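Spelled out, the chains give:
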Amino acid sequence: MIELRGLGKRFGERVLFEGLDLDLVPGRTTVIMGRSGSGKSTLLRMINQLERHDAGVVRLSPIEIPAGLPHAEWSRRATALRRRTGMVFQGYQLFGHLNVLDNVTLAPRIVQRVPRAAAEQQARSLLELVGMAQAVTRFPARLSGGEAQRVAIARALATQPEVLLLDEPTSALDPGSTADVVRVIGDLKARGFTLAMVTHDPVLGHQLADELIELD
Ligand SMILES: Nc1ncnc2c1ncn2[C@@H]1O[C@H](COP(=O)(O)OP(=O)(O)OP(=O)(O)O)[C@@H](O)[C@H]1O
Ligand SMILES: [Mg+2]
């Protein structure tokens, strides 16, 4: 599905990746581990092209993004690729001025032009899936970390992405909230979603991974 081939990335003088090959295989969970600063978030962000690579190619057939495209062409292809992926950011990044339901319906309504009623129906079933159906009218400031993270997962799924990218979904959570979020991710895995997850937690990593990569 998503293929990275010969990927290179540098920030100034610092070479973060060189010749990186990685496949995100449909229906499988790829876990990315490694110490702080090793490039885990950057790797996820290159997979969905929030960060550009300097060498190699990112493919999500039929989209192909080689390094060095002119900006307009890169932007067109990156947008097309991004519409087929969902991202759960390190630190949730919910829209603070929108309630839970509106957070989840925003992208389908604006980007995909799904009518409000249909978007809300879908959002309610996603919120059910993550155990947050009772919270549709609450605002992000009134959610615990674990609740916010589960809403962020529902929001990322709302555009029906082919692959879901999760950046340290449990790093800021207490053990109880972590268990809730891990249950949700385990459910997604059992339903056959394609997942790529960054984590610092070796127990969680080994529990969920079909493929485990460690950045050195
Ligand atoms: N836009 C940027 N400009 C310059 N350096 C950057 C940029 N983004 C990331 N870096 C550097 O690249 C390295 C990798 O950063 P990244 O955020 O990918 O690490 P990480 O593995 O996700 O770390 P953490 O576990 O702390 O989240 C770090 O040294 C970081 O300072
Ligand atoms: Mg990170």
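Residues numbered from 1 in each chain as written. Chains lettered and ligands numbered in written order. Predicted model: local features only at pLDDT ≥ 70, side-chain atom pairs only at ≥ 80, totals over all residues. Heavy atoms only, no water.

### So, helix α6 (residues 175–190)
Now for step 1: Its 16 residues place the ends of α6 22 Å apart at the C-alpha level, agreeing with the 22 Å of an ideal helix rising 1.5 Å per residue.
Now for step 2: Next to the buried residues of α6 lie α4 (116–129), α5 (145–157), β7 (163–167), β8 (195–198) and α7 (202–208).
Now for step 3: Here α6 starts with a cap whose side-chain oxygen sits 2.9 Å from the backbone nitrogen of glycine 176, and that cap is aspartate 174.
Now for step 4: Just downstream of α6, glycine 192 is the residue with a positive phi angle, here 90 degrees. (Helix = DSSP H or I, 4+ residues; strand = E, 2+ residues; numbered from the N terminus. Expected span 1.5 Å × (residues − 1). Contact = heavy atoms within 4.5 Å. Polar contact = N/O pair within 3.5 Å; in protein donor to acceptor, adjacent residues only side chain to side chain.)

### Some points on the site of ligand 1
Now for step 1: Close to ligand 1 lie 14 residues; Arg14, Ser36, Gly37, Lys40 and Thr42 are nearest.
Now for step 2: Side-chain polar atom of threonine 42 to an oxygen atom of ligand 1: 2.6 Å apart, as the coordinates give it.
Now for step 3: Computed on the free molecule, ligand 1 has an accessible area of 640 Å², of which 61% lies beneath the protein chains in the complex.
Now for step 4: At the level of elements, β2 (14–24) and α1 (40–47) are the ones that each hand at least two residues to the shell around ligand 1.
Now for step 5: Counting residues per element, the shell around ligand 1 draws most heavily on α1, which supplies 3 residues.
Now for step 6: In the shell around ligand 1, the residues fall into 2 nonpolar, 8 polar and 4 charged. (Near = heavy atom within 4 Å. Areas by Shrake-Rupley, 256 points an atom, 1.4 Å probe, with all protein chains shown as cover. Nonpolar A, V, L, I, M, F, W, Y, C, P; charged D, E, K, R; others polar.)

### Overview of the pattern of salt bridges
Now for step 1: Taken as a whole and assessed by the stated rule, the structure comprises 14 salt bridges.
Now for step 2: Among the salt bridges present, the one from arginine 76 reaches glutamate 73, with a minimum N-O distance of 2.8 Å. Separated by 3 residues within a single helix, arginine 76 and glutamate 73 lie in helix α2 (residues 71–82), roughly one turn from each other.
Now for step 3: Relative accessible area serves as the criterion here: at 55%, arginine 76 is assigned to the exposed category.
Now for step 4: Look at glutamate 73 and you get partly exposed, because its relative accessible area is 23%.
Now for step 5: Taking the shortest distance from any N to any O, the salt bridge between glutamate 73 and arginine 77 comes out at 2.7 Å. Taken together, the residues span about one helical turn, with glutamate 73 and arginine 77 both in helix α2 at a distance of 4 residues.
Now for step 6: Residue classification places arginine 77 among the partly exposed positions, given a relative accessible area of 24%.
Now for step 7: Each of the salt bridges in this network shares a partner with another, and the network as a whole consists of Glu3, Arg59 and Glu64. (Salt bridge = Lys/Arg side-chain N within 4 Å of Asp/Glu carboxyl O. Buried < 20%, exposed > 50% of the residue type's maximum accessible area, 1.4 Å probe, protein only.)

### As for the coordination of the magnesium ion (ligand 2)
Now for step 1: Bound to the magnesium ion (ligand 2) on the protein side are Ser41 (OG) and Gln90 (OE1), at distances that span 2.0 to 2.6 Å. Of the two residues, serine 41 sits in helix α1 while glutamine 90 sits in the loop between β6 (85–88) and α3 (100–110), which places them 49 residues apart along the sequence.
Now for step 2: Classification of glutamine 90 as partly exposed rests on a relative accessible area of 38%. (Donors = N, O, S within 2.8 Å, 3.2 Å for Na, K, Ca; no water.)

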